[in-house]
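# Examining the three-dimensional arrangement
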Amino acid sequence: MSVSQTGVAFTNHLAEEAAAANRVLLNGSGVAVGDFDNDGWADVYFCGLSRGNALYKNLGGWRFANVTEQAGLKPGSGSSHAAVFADVNATAGWTCWSRCLPVACNVF
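Please read all numbers here as calculations on a predicted model, not as lab measurements. (Residues numbered from 1 in each chain as written. Predicted model: local features only at pLDDT ≥ 70, side-chain atom pairs only at ≥ 80, totals over all residues. Heavy atoms only, no water.)

Our next topic: the nonpolar core. Counting residues in hydrophobic clusters, the biggest one holds eight residues: Ala-32, Tyr-45, Cys-47, Leu-55, Val-67, Leu-73, Ala-83 and Phe-85. If you look at the next biggest cluster of nonpolar residues, it comprises six residues, including Phe-46, Ala-54, Tyr-56 and Phe-64. (Core = buried A, V, L, I, M, F, W, Y, C linked by side-chain atoms within 4.5 Å. Buried < 20%, exposed > 50% of the residue type's maximum accessible area, 1.4 Å probe, protein only.)

Topologically, Thr-68 is positioned in the loop between β4 (63–66) and β5 (79–86). By relative accessible area, Thr-68 is classed as buried at 10%. Only 2.8 Å separates the side chain of Thr-68 from the backbone nitrogen of Leu-55, close enough to count as a polar contact. In this structure the side chain of Thr-68 is engaged in a polar contact, spanning 2.6 Å, whose partner is the side chain of Asn-66. (Helix = DSSP H or I, 4+ residues; strand = E, 2+ residues; numbered from the N terminus. Polar contact = N/O pair within 3.5 Å; in protein donor to acceptor, adjacent residues only side chain to side chain.)

Glancing now at the pattern of salt bridges. Here the structure, examined in full by the defined rule, presents two salt bridges. Where Lys-57 meets Asp-37, a salt bridge forms, and the shortest distance between an N and an O atom there is 2.5 Å. Pair noted here: Lys-57 is in strand β3 (residues 54–60) and Asp-37 is in the loop between β1 (31–34) and β2 (43–46), with a separation of 20 residues, a long-range link. Since its relative accessible area comes to 21%, Lys-57 is described here as partly exposed. Ionic pairing is found between Asp-39 and Lys-57, a salt bridge with its closest N-O pair at 2.6 Å. Taken together, the residues span a long stretch of sequence, with Asp-39 in the loop between β1 and β2 and Lys-57 in strand β3 at a distance of 18 residues. Through salt bridges with shared partners, one network takes in Asp-37, Asp-39 and Lys-57. (Salt bridge = Lys/Arg side-chain N within 4 Å of Asp/Glu carboxyl O.)

Moving on, we come to the pairing of β2. Neither face of β2 is open: one carries Asp-43 and Tyr-45, the other Val-44 and Phe-46, and all of them are buried. With four bridges connecting them, β1 and β2 associate as antiparallel partners. If you follow Val-31 over to β2, its bridge partner there is Phe-46. Relative to β3, β2 runs antiparallel, the two being bridged by three bridges. The residue bridging Tyr-45 from the neighbouring strand is Leu-55, located in β3. (Pairing = 2+ DSSP bridges.)

Structural data, given as C-alpha coordinates:
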(Lines give C-alpha, C1' and ligand atoms only; values in the text may rest on other atoms or scores of the structure.)
Protein backbone atom coordinates (compact mmCIF):
# COMPACT_ATOMS: atom_id res chain seq x y z
CA MET A 1 0.00 0.00 0.00
CA SER A 2 1.26 3.47 -0.82
CA VAL A 3 2.02 6.40 1.46
CA SER A 4 -1.00 8.23 0.07
CA GLN A 5 -3.24 5.30 1.04
CA THR A 6 -1.84 4.63 4.52
CA GLY A 7 -0.30 7.92 5.65
CA VAL A 8 2.84 6.06 6.78
CA ALA A 9 5.90 7.80 5.39
CA PHE A 10 8.63 6.32 7.60
CA THR A 11 11.84 5.14 5.99
CA ASN A 12 15.01 3.96 7.62
CA HIS A 13 18.27 5.01 6.01
CA LEU A 14 21.69 3.86 7.15
CA ALA A 15 24.76 5.63 5.78
CA GLU A 16 27.54 3.39 4.51
CA GLU A 17 29.96 5.05 6.91
CA ALA A 18 27.75 4.20 9.91
CA ALA A 19 27.39 0.60 8.73
CA ALA A 20 31.15 0.27 8.27
CA ALA A 21 31.78 1.65 11.76
CA ASN A 22 29.18 -0.58 13.44
CA ARG A 23 28.11 -3.76 11.61
CA VAL A 24 25.38 -4.43 14.21
CA LEU A 25 23.40 -1.57 12.63
CA LEU A 26 22.99 -3.72 9.51
CA ASN A 27 20.61 -5.91 11.52
CA GLY A 28 18.03 -3.15 11.17
CA SER A 29 15.70 -1.71 13.75
CA GLY A 30 12.42 -2.51 15.39
CA VAL A 31 8.73 -1.85 15.18
CA ALA A 32 6.25 -2.02 18.06
CA VAL A 33 2.50 -2.36 17.66
CA GLY A 34 0.14 -1.46 20.49
CA ASP A 35 -2.83 0.72 21.37
CA PHE A 36 -1.02 3.70 22.95
CA ASP A 37 -4.17 5.83 23.29
CA ASN A 38 -6.61 3.05 24.29
CA ASP A 39 -9.00 3.72 21.40
CA GLY A 40 -9.17 0.07 20.36
CA TRP A 41 -6.91 0.41 17.31
CA ALA A 42 -3.35 -0.94 17.04
CA ASP A 43 -0.92 1.96 16.62
CA VAL A 44 2.61 1.60 15.21
CA TYR A 45 5.95 2.83 16.62
CA PHE A 46 8.94 2.75 14.26
CA CYS A 47 12.56 2.83 15.45
CA GLY A 48 15.02 4.89 13.45
CA LEU A 49 18.68 4.11 12.96
CA SER A 50 19.81 7.52 11.73
CA ARG A 51 16.63 9.54 12.21
CA GLY A 52 14.11 10.01 14.97
CA ASN A 53 11.59 7.37 15.93
CA ALA A 54 7.97 7.85 14.85
CA LEU A 55 4.58 7.01 16.33
CA TYR A 56 1.66 6.53 13.94
CA LYS A 57 -1.90 6.57 15.29
CA ASN A 58 -4.26 4.11 13.65
CA LEU A 59 -7.26 5.96 12.21
CA GLY A 60 -8.95 2.78 10.98
CA GLY A 61 -9.28 1.51 7.43
CA TRP A 62 -5.47 1.09 7.14
CA ARG A 63 -5.00 4.88 7.56
CA PHE A 64 -2.43 6.27 10.00
CA ALA A 65 -1.37 9.73 11.19
CA ASN A 66 2.09 10.66 12.46
CA VAL A 67 1.48 11.81 16.05
CA THR A 68 5.08 11.65 17.28
CA GLU A 69 5.28 15.29 18.39
CA GLN A 70 1.67 15.49 19.60
CA ALA A 71 2.29 12.46 21.82
CA GLY A 72 5.29 14.24 23.36
CA LEU A 73 7.81 11.64 22.26
CA LYS A 74 11.34 12.93 22.47
CA PRO A 75 13.64 9.97 21.93
CA GLY A 76 17.22 10.18 23.17
CA SER A 77 20.25 10.37 20.98
CA GLY A 78 21.69 7.34 19.30
CA SER A 79 20.28 4.62 17.09
CA SER A 80 17.05 2.94 18.12
CA HIS A 81 17.14 -0.79 17.63
CA ALA A 82 14.05 -2.15 19.33
CA ALA A 83 10.75 -1.11 20.89
CA VAL A 84 7.89 -2.73 22.74
CA PHE A 85 4.49 -1.63 24.03
CA ALA A 86 3.65 -3.07 27.44
CA ASP A 87 1.38 -2.39 30.41
CA VAL A 88 4.29 -2.25 32.84
CA ASN A 89 2.35 -0.93 35.84
CA ALA A 90 -0.93 -2.88 35.44
CA THR A 91 -3.04 0.21 34.75
CA ALA A 92 -4.45 -1.01 31.42
CA GLY A 93 -2.38 1.74 29.79
CA TRP A 94 0.41 1.13 27.32
CA THR A 95 3.99 2.23 27.87
CA CYS A 96 6.44 2.30 24.97
CA TRP A 97 10.06 1.34 25.60
CA SER A 98 12.70 1.85 22.93
CA ARG A 99 16.32 0.74 23.04
CA CYS A 100 18.89 3.25 21.88
CA LEU A 101 22.63 2.92 21.58
CA PRO A 102 24.87 4.19 23.04
CA VAL A 103 22.37 5.38 25.67
CA ALA A 104 19.94 3.28 27.73
CA CYS A 105 16.24 2.67 27.15
CA ASN A 106 13.76 5.46 26.59
CA VAL A 107 10.34 5.15 28.19
CA PHE A 108 7.28 6.97 26.86
